[in-house]
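Close look at the chain arrangement
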Amino acid sequence: MLMKLDTSWLIFALVAVTMIAYILSLGLDAAMKDDGFGAMGNAMIITAAFFGTIYLANQRGVRFSSLTEGGTAGLGGAFAALLVLVIAKAVLRRLS
């Protein structure tokens, strides 16, 4: 899915996902406060995990037939990665 995009569409997708991730991260930062990674940190995690999920799914042979399927998979992977990192941070903060 990502490999078939030309440069302009890939940049457009990166900018759109980054903008949406930042807006979501502002709300997450207000809700999580010290348990999160800040607005920019959360946005970077969400953006990287979104594209990473789609890339890894494509490498494993999963082909998304529509943009909705790819977006849903990417969003699910992004929030799963954020959840794992927040839990890891919480465990490390409580153990040290």
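Here we summarise the structure given alongside this text. (Residues numbered from 1 in each chain as written. Predicted model: local features only at pLDDT ≥ 70, side-chain atom pairs only at ≥ 80, totals over all residues. Heavy atoms only, no water.)

**Topic: the pattern of salt bridges**
Throughout the structure, instances matching the rule amount to one salt bridge. When the shortest N-O distance is used, the salt bridge between Arg93 and Asp35 registers 3.2 Å. With Arg93 in helix α3 (residues 67-95) and Asp35 in the loop between α1 (7-32) and α2 (38-59), the pair connects residues that are 58 residues apart, well separated along the chain. Under the relative-accessibility criterion, Arg93 is labelled partly exposed at 43%. The class of Asp35 is partly exposed, set by a relative accessible area of 32%. (Salt bridge = Lys/Arg side-chain N within 4 Å of Asp/Glu carboxyl O. Helix = DSSP H or I, 4+ residues; strand = E, 2+ residues; numbered from the N terminus. Buried < 20%, exposed > 50% of the residue type's maximum accessible area, 1.4 Å probe, protein only.)

**Quick word on the side chain of Asn58**
Relative to the helices and strands, Asn58 is located in helix α2. For Asn58, a relative accessible area of 11% translates into the label buried. Setting aside its immediate chain neighbours within four residues, Asn58 contacts Met1, Leu2, Arg63 and Phe64. (Contact = heavy atoms within 4.5 Å.)

**As for a nonpolar patch on the surface**
A surface patch of nonpolar side chains, about 420 Å² in accessible area, is lined by Leu5, Trp9, Leu10 and Phe12. Under the relative-accessibility criterion, Trp9 is labelled exposed at 52%. (Patch = residues over 30% accessible without salt bridge, like charges linked within 9 Å, V, L, I, M, F, W, Y side chains within 5 Å. Areas by Shrake-Rupley, 256 points an atom, 1.4 Å probe, with all protein chains shown as cover.)

**Some details on the packing of α2 against α3**
Packing of α2 against α3 leaves a shortest axis separation of 7 Å and a crossing angle of 130°. Here α3 runs oblique to α2, going by the angle between their axes. The way α2 lies across α3 gives a crossing that is right-handed. Contact with α2, carried on its side by Asn42, Ile45, Ile46, Ala49, Phe50, Thr53 and Ile54, involves Gly70, Gly71, Ala73, Gly74, Leu75, Gly77, Ala78, Phe79, Ala81, Leu82 and Leu85 of α3 and no other residues of that element. Of the residues in the contact of α2 with α3, the class split is 12 nonpolar, six polar and no charged. (Axes fitted to C-alpha atoms, helices over the stretch in contact; angles between N-to-C directions. Parallel < 35°, antiparallel > 145°, perpendicular 65-115°, else oblique. Left-handed = near helix turned anticlockwise from the far one by under 90°. Nonpolar A, V, L, I, M, F, W, Y, C, P; charged D, E, K, R; others polar.)

**Observations regarding α1**
Under the 1.5 Å per step criterion, the end-to-end length of α1 is 35 Å for 26 residues, consistent within 8% with the ideal 38 Å. Those residues of α1 that sit buried are Val17, Ala21, Ser25 and Met32. As for α1, its buried residues are in contact with α2 and α3. Phi turns positive, to about 50°, at Lys33, one or two residues after α1. (Expected span 1.5 Å × (residues − 1).)

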